[in-house]
Amino acid sequence: MTVEELAAAVLDACDSEGVDHMVTGAFATSVYGIPRSTKDVDIVLSLGRGDAISRVALRLEPIVEFKPQVQFDTLTWGRRLVGVARQSPPLKVELFELFDDPFVLAQFQRKRKLFSKQIGRNTWLPTPEDVVVQKLRWGRSKDLDDARDGAAREQHQH
Amino acid sequence: MANIHDDPAALKALQDDIYRERILRARRMTVEQRLAEVFELSNRVMARMHEGAMWQLGTTDAEVGWQEVRRRLDRLDRIHDEGRFVNTKPVPT
């Protein structure tokens, strides 16, 4: 299974469950900065009816083995469920749930649609400005590198 | 031939040149091209990890290679999740 096949499966699961979503992680930072490799498909899910994380995870269960417990990530997006593809390569899927933070909620509302030929469908990404702000908020070494790359890559367009 | 690592100013200039070229290259690409490159790089990295694991284990069994990649990535995740992974120099005590 390729990264794009796994990403397509995750996005299909979100759509099938009627869960609004936004692609984040290396996909978002690379689209606006310098492309880099990743072993994760990271998706932020909206706070919809019921437990969005559990419903999407259940839909993905045939191809992704999720850890039994939802974790709480105090730095990034809040509630997080981590899984690994059952097929090789062992790519990781991280499902994050929106939490009650004004910036995070506004970021989700401002998300942009992007068609990916590789995934064969539309997907949603944060704006480049929101990616930079988010990275600065997190402030880890890699986040600061991503923020710098995104700002540098965007600079010529203004 | 001089070793550039012995000349901090020259080394910094080289690093800046490389970074500048990476930025200019990214600017020449469309959003779709950058996203496509993430997929390509990611798939290639996984393939190289697999090849490396098979070579280190001395096996031709692809599944054995993937099991080793899975084991290594799982170990990395655990180290990261437990907060034992750092990529900065420790503060002297």
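Sequence order sets the numbering: in each chain, residues are counted from 1 along the sequence as written. Chains carry letters and ligands carry numbers; both start at the beginning, A for chains and 1 for ligands, and go up in the order they are written. With pLDDT at 70 or above as the cut-off, local features in this predicted model cover only qualifying residues; side-chain atom pairs require 80 or more to be listed or tallied, and sums for whole chains, interfaces and linings still use all residues. Only heavy atoms go into the side-chain values, all of them from the structure, while hydrogens and water stay out.

## Observations concerning the overall build of chain A
Consideration 1: In this text, helices come from DSSP runs of H or I with a minimum length of four residues, and strands from runs of E with a minimum of two, each type numbered from the N-terminal end. Tallying secondary structure elements over chain A gives six helices and eight strands in all.
Consideration 2: Reading chain A from its N end, one meets helices and strands in the order α-β-α-β-α-β-β-β-β-α-β-β-α-α.
Consideration 3: Atoms considered for the radius of gyration are the C-alpha atoms alone. The globule rule reads 2.2 Å times the number of residues to the power 0.38. Relative to its length of 158 residues, chain A is compact, with a C-alpha radius of gyration of 15 Å against a globular reference of 15 Å.
Consideration 4: For every residue, the accessible area obtained with a 1.4 Å probe (protein chains only) is divided by the maximum for its type, and the residue is called buried under 20%, exposed over 50%, and partly exposed between those limits. Burial analysis of chain A (158 residues in total) assigns 58% to the buried set.
Consideration 5: Looking at chain A alone, contacts between residues at least 24 apart form 57% of all its contacts between residues at least 6 apart.
Consideration 6: Per-residue and other accessible areas were derived by the Shrake-Rupley procedure at a 1.4 Å probe size, with only the shown protein chains allowed to occlude residues. Looking at chain A as shown, the accessible area adds up to about 7000 Å², and 52% of this sits on carbon and sulfur atoms. Contacts are assigned to residue pairs with any non-hydrogen atoms lying within 4.5 Å of each other.

## Topic: helix α3 (residues 52-60) of chain A
Consideration 1: Buried within α3 of chain A we find Ala 52, Ile 53, Arg 55, Val 56, Ala 57 and Leu 60 of chain A.
Consideration 2: Measuring from the backbone nitrogen of Ile 53 of chain A back to the side-chain oxygen at the start of α3 of chain A gives 3.3 Å, which picks out Asp 51 of chain A as the cap. Any pair of nitrogen or oxygen atoms within 3.5 Å is treated as a polar contact; in protein, a donor-acceptor pairing is required on top of that, and neighbouring residues in sequence qualify only through side-chain atoms on both sides.

## Focus on the packing of aromatic side chains
Consideration 1: Geometry of aromatic contacts follows a simple scheme: Phe, Tyr and Trp rings, the Trp one being its six-membered ring, pair when their centres are within 6.5 Å, and the pair is stacked under 30 degrees between planes, edge-to-face over 60, tilted otherwise. According to the stated counting rule, one finds one aromatic pair over all chains in the structure shown.
Consideration 2: Residues Phe 27 of chain A and Phe 39 of chain B carry aromatic rings whose centres are separated by 5.4 Å and whose planes lie at 50 degrees to one another, so their mutual orientation is tilted. Remark: Phe 39 of chain B occurs in helix α2 (residues 31-57) and Phe 27 of chain A occurs in helix α2 (residues 26-32); the pair is interchain, linking two chains.
Consideration 3: The ring of Phe 108 of chain A carries Lys 111 of chain A above its face, with NZ or CZ at 4.3 Å from the centroid.
Consideration 4: By definition, being over a ring means that NZ of Lys or CZ of Arg is both within 6 Å of the ring centre and within 35 degrees of the ring normal. Lys 111 of chain A extends its terminal NZ or CZ atom over the ring of Trp 124 of chain A, reaching a point 5.2 Å from the ring centre.

Worth remembering: the numbers are spatial, not functional.
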